[in-house]
Amino acid sequence: MAENTEEKKESINFIHQIIEEDNKTGKFAGKVHTRFPPEPNGYLHIGHAKSICLNFGTAKKYNGLCNLRFDDTNPTKESDEYVNSIMEDVKWLGFDWEDRRYHASDYFDQLYEYAQQLIKKGKAYVDSLSSEDFAKNYKGTPTKAGKNSPFRDRSVEENLDLFDRMRKGEFPDGAHVVRAKIDMAHPNMHMRDPSMYRIKHAHHHRTGDKWHIYPMYDFAHGLSDSIEGITHSLCTLEFEVHRPLYDWFIDELGVYHPQQIEFARLNLNYTVMSKRKLLELVEEGYVDGWNDPRLPTISGLRRRGYTPSSIRTFADRIGVAKRDNIIDVGLLEWSVREDLNKIAPRKMGVLRPLKLIITNYPEDKEELMDATNNPEDPDGGTRKVPFSREIYIEQSDFMEDPPKKFFRMGPGREVRLKYAYIIECVDFKKDPATGEILEVYCTYDPLTKSGEDQTGKKVKSTLSWVSAKHAYRTEVRLYDRLFNVEDPSDVEEGEDWKKNINPGSLEIIEAAALEPSLAQAKAGVGYQFERQGYFTVDTKYSTPDKLVFNRTVTLKDDWAKIQQAGN
RNA sequence: UGACCGAUGGUGUAACGGUAGCACAACAGAUUUUGGUUCUGUUUGUCAAGGUUCGAAUCCUUGUCGGUCAACCA
């Protein structure tokens, strides 16, 4: 056998390389078990989608499992609302955690025991310094060593007693904290006696009022991975400096040791991704809720018309590495076009209608034209579209004085109406005051009917159209990027990043003219309005008698590029 | 003046000491009853300086630039 029969070796990311190496050496006995560990304190965004695809995708690729685990260690910020939205989003993206939905709060008893063990070992202590005092006078700075808390050498008995009374709720918030006893001079700030438990008299959305103390993320997270038997804990770069701490807890406790691997988080231009900024946009009303179609949230992308498949493709294309990156939002748009092009039913829709009257077409005549549902799908079939004397075309498809490169309609020009006839422009009506074109008059050539044309006539352009009297007049919403600049957060000291918001990011068209069949459009389906873009039924503002359409993304537009180049 | 991480075309991402490849973008052309799709072609890159080697994007040294870290947040 020739071994070099074009066996293209698949290029794999550095995490999969590590996994394959581990599988070779038997480090985890060939097992791969990952997890997606969100905090239920906000909605998921496209950056989370990268992590979800990585974790679930990796498990699938290596015949392993992936858990969904909520890191719910801060009851004052977390809620079931977020738990539910996160589950909905993960499911919608196409992933399944089966029966492995866990919560860090499931492990609170175990974690409490672990903390007791560390205290008994002399590796943890109860500190009674206030957080401000500790930060200001003991923690030190990255370039300056810290110093020991005066409570650092409390006896094991006293520590255990205090910890127990913390648990029982005997102290007010902030009175004490449990710290790991590591090294106040450590060059890694996270190793300078980090806190493990704090007092919080707060109701937890799952454990109720059972606890008056809650573990810190840094204490809970790595140990939760350990408890779940995670082999490869994939997380973002900023946790790299936390890894020595997670390892310290695990090694001091002598428990199972997962391997943490850090990768660079996703950054997208022309948008913001931080939970804080997203929250600000939502709460201050700059956008229409967490699922505003302009937001990079999963729910926003869903409402906008993005498909799960397109987001998975996107995650695949951007890759996984350790260097900082800013992905061009154009790649996300490419991903959804690529998907929708293959599956979206074609329709005709005129966004900004301009009436066109075919003067030699009988007043009361109507024809049903055969239209292809999807040229990319041989089995897609055809449909009938009504045609009549008065139709709408796109305003931008007519120019009174067209330049040479403009192929569409103009005085004296001939174009084809898709699925119908070749027409010639004989006249037009203009508002003398505004210069606005009001109506266009044409004649048609009956011998050029689509599918029956024997004339051999050639035209440079084909226009989409909608019969005026049959049109489904309804609302269409056009979206543009939410920000005018690539990096909205990059503002001068004291300036508000929200000044970069694009005031034209939402354009509402009250009465577009759509092909009548669109009145029966179904939610969740992406339609292509030919020569315009992909549109989907909005799930928030549509009513049975008035559907509202969202534009997911425009089609690629070479003419727009030519126009721009001309300016 | 601390610790850790990173640096490959415009943007991402491969190449694991042996011809710098792929995707997106851009540009040119072909096809097209969507200025869409598809197809063909083209342009553009190893942060810098030394060193090791027959041979360096890859190994070593130094430098430069960028990121992360000082919550009783995650």
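Above this text you will find the structure in question.
Rules used in this analysis
- Residue positions within a chain follow its written sequence, with the count starting from 1.
- As a convention, the first chain written is A and the first ligand written is 1, with the rest following in written order.
- Thresholds applied to this predicted model are a pLDDT of at least 70 for local features of residues and 80 or more for the giving and counting of side-chain atom pairs; totals over whole chains, interfaces and linings are not thresholded and use all residues.
- Note that the side-chain values use all heavy atoms of the structure and ignore hydrogens as well as water.
- Runs of E in the DSSP output that reach at least two residues are strands. Runs of H or I that reach at least four are helices, and both are numbered from the N terminus.
- The globule rule used for comparison is 2.2 Å times the number of residues to the exponent 0.38, while the radius of gyration itself is calculated over C-alpha atoms.
- For every residue, the accessible area (1.4 Å probe, protein chains only) is compared with the maximum for its type, and the residue is labelled buried under 20%, exposed over 50%, or partly exposed between those bounds.
- Here a residue-residue contact requires only that any non-hydrogen atoms of the pair lie within 4.5 Å.
- Only the protein chains shown count as cover for residues, with accessible areas throughout obtained via the Shrake-Rupley method and a probe of 1.4 Å.
- In this tally Asp and Glu are treated as negative and Lys and Arg as positive; neither His nor the chain ends contributes.
- We put the charge of a Lys on NZ, of an Arg on CZ, of an Asp on CG and of a Glu on CD.
- Any residue with at least one heavy atom within 4 Å of a molecule or strand is counted as near it.
- Identification of polar contacts relies on pairs of N or O atoms within 3.5 Å, with a donor-acceptor requirement for protein atoms, meaning one able to donate a hydrogen and the other able to accept it, and with residues adjacent in sequence counted only if both atoms are side-chain atoms.
- Under the convention adopted here, Pro, Cys and the residues Ala, Val, Leu, Ile, Met, Phe, Trp and Tyr are nonpolar, Asp, Glu, Lys and Arg are charged, and Gly plus all remaining residues are polar.
- Two strands are counted as paired when DSSP detects at least two bridges linking them.
- Aromatic pairing here means that ring centres of Phe, Tyr or Trp (its six-membered ring) are within 6.5 Å. Orientation follows from the plane angle: under 30 degrees is stacked, over 60 is edge-to-face, and everything else is tilted.
- Helix axes use the C-alpha atoms of the stretch in contact, all axes being lines fitted to C-alpha atoms, and the angles between their N-to-C directions lie in the range 0 to 180 degrees.
- Excluding any residue in a salt bridge, patches collect residues exceeding 30% relative accessible area, merging like charges within 9 Å and nonpolar Val, Leu, Ile, Met, Phe, Trp and Tyr side chains within 5 Å.
- For this analysis, a salt bridge means a side-chain nitrogen from Lys or Arg found within 4 Å of a carboxyl oxygen belonging to Asp or Glu.
- The term nonpolar core refers to a set of buried residues drawn from Ala, Val, Leu, Ile, Met, Phe, Trp, Tyr and Cys, joined through side-chain atoms within 4.5 Å.
- Here the expected span of a helix is defined as 1.5 Å times the quantity of residues minus one.
- What the arc covers is the set of directions going from the helix axis to the C-beta atoms.

(A) Structural detail: the overall build of chain A. Across its full length, chain A holds 13 helices and 25 strands. Over its C-alpha atoms chain A spans a radius of gyration of 31 Å, topping by over 25% the 24 Å that the globule rule assigns to 567 residues. Dimensions of chain A, computed from C-alpha atoms along their principal axes, come out at roughly 100 × 70 × 45 Å. Looking at chain A as a whole, 51% of its 567 residues are labelled buried. Of the contacts formed within chain A by residues at least 6 apart in sequence, a portion of 71% connects residues at least 24 apart. Roughly 26900 Å² of accessible area belongs to chain A as shown, and the carbon and sulfur atoms make up 48% of that amount. Charge-centre separation for chain A: the mean point of 81 positive side chains lies 1 Å from the mean point of 93 negative side chains.

(B) Structural detail: the protein's contact with RNA strand B. With respect to spatial proximity, 67 residues lie near RNA strand B, and among them Gln17, Arg408, Ser450, Gln528 and Asp558 are the closest. Between RNA strand B and Gln17 there is a distance of 2.2 Å, counted from a base nitrogen to a side-chain nitrogen or oxygen. Looking at the surface near RNA strand B, the elements that each hand over two or more residues are strand 6 (195-199), helix 11 (308-318), helix 12 (329-343) and helix 13 (558-566). Ranked by the residues each element gives to the surface near RNA strand B, the list is headed by helix 13, at four residues. For the surface near RNA strand B, the class distribution of residues is 23 nonpolar, 19 polar and 25 charged.

(C) Focus on the side chain of Thr297. Within the secondary structure, Thr297 is located in the loop between helix 9 (275-283) and helix 10 (298-304). A distance of 3.0 Å separates a polar side-chain atom of Thr297 from the backbone nitrogen of Gly300. Setting aside residues no more than four positions away along its own chain, Thr297 makes contact with Leu44, His45, Trp290 and Asn291.

(D) View of the pairing of strand 22 (residues 506-514). Here strand 11 (residues 349-350) runs beside strand 22; their pairing, made up of two bridges, is antiparallel. When the sheet's bridge partners are listed, Gly349 is paired in strand 22 with Leu514. With seven bridges joining them, strand 21 (residues 472-479) and strand 22 adopt antiparallel strand pairing. Directly across from Tyr472, in strand 22, lies its bridge partner Leu514.

(E) Seen up close, unusual backbone geometry. Within the chain, Asn63 stands out as a residue other than glycine whose phi angle is a positive 55 degrees. When you line up the elements, Asn63 lands in the loop between helix 2 (46-61) and strand 2 (65-70). Positive phi, normally seen in glycine, also occurs at Arg531, with a value near 65 degrees. Counting through the fold element by element, Arg531 comes out in the loop between strand 23 (527-529) and strand 24 (533-537).

(F) Looking closely at the packing of aromatic side chains. One pass over the full model with this rule turns up 25 aromatic pairs. Where Tyr43 meets Tyr82, the ring centres are 5.6 Å apart and the plane angle is 85 degrees; that geometry is what we call edge-to-face. Here Tyr43, found in the loop between strand 1 (33-36) and helix 2, pairs with Tyr82, found in helix 3 (residues 80-92); they are 39 residues apart in sequence, far enough to count as distant. Judged by its relative accessible area of 15%, Tyr43 is buried.

(G) Focus on the sheet that holds strand 2. Spatially, three strands are ordered 1-2-3 in an open sheet, and the strand pairing comes out parallel. Sheet topology places strand 1 and strand 3 (101-103) at the edges, where each strand pairs with a single neighbour. The mean inter-strand angle of the sheet, taken between neighbouring strand axes irrespective of direction, is 35 degrees. Where helix 3 meets the sheet, it contacts strand 1, strand 2 and strand 3, and its direction lies at approximately 155 degrees from that of strand 2.

(H) Summary view of a negative patch on the surface. Taken together, the side chains of Asp328, Glu486, Asp487, Asp490, Glu492 and Glu493 make up a negatively charged region of the molecular surface. Along the chain, Asp487 turns up in the loop between strand 21 and strand 22. Residue Asp487 is classed as partly exposed on the basis of its relative accessible area of 43%.

(I) Quick look at the nonpolar core. The biggest cluster of nonpolar side chains holds 38 residues, and the ones touching the most others in it are Ile46, Ile52, Phe56, Val90, Leu268 and Phe314. For this core, the secondary structure elements donating two or more residues are helix 2, strand 2, helix 3, helix 10, helix 11 and helix 12. Tallying contributions element by element places helix 2 first for this core, with six residues. Apart from the residues lying within four places of it in its own chain, the contact partners of Phe314 are Ile46, Leu266, Leu268, Ile327, Leu331, Leu332 and Ser335.

(J) Summary view of helix 6 (residues 156-168). Between the first and last C-alpha of helix 6 there are 18 Å, a value that for 13 residues agrees with the 18 Å anticipated at 1.5 Å per step. Looking only at helix 6, the buried set comprises Asn159, Leu162, Phe163 and Met166. Looking straight down helix 6, one finds that the buried residues subtend no more than 100 degrees of arc, so they occupy a single side. Looking at the buried positions of helix 6, the neighbouring elements they touch are helix 4 (108-120), strand 4 (124-127), strand 5 (177-180), strand 6 and strand 7 (213-215). Gly169 lies just past helix 6 and shows a positive phi near 90 degrees.

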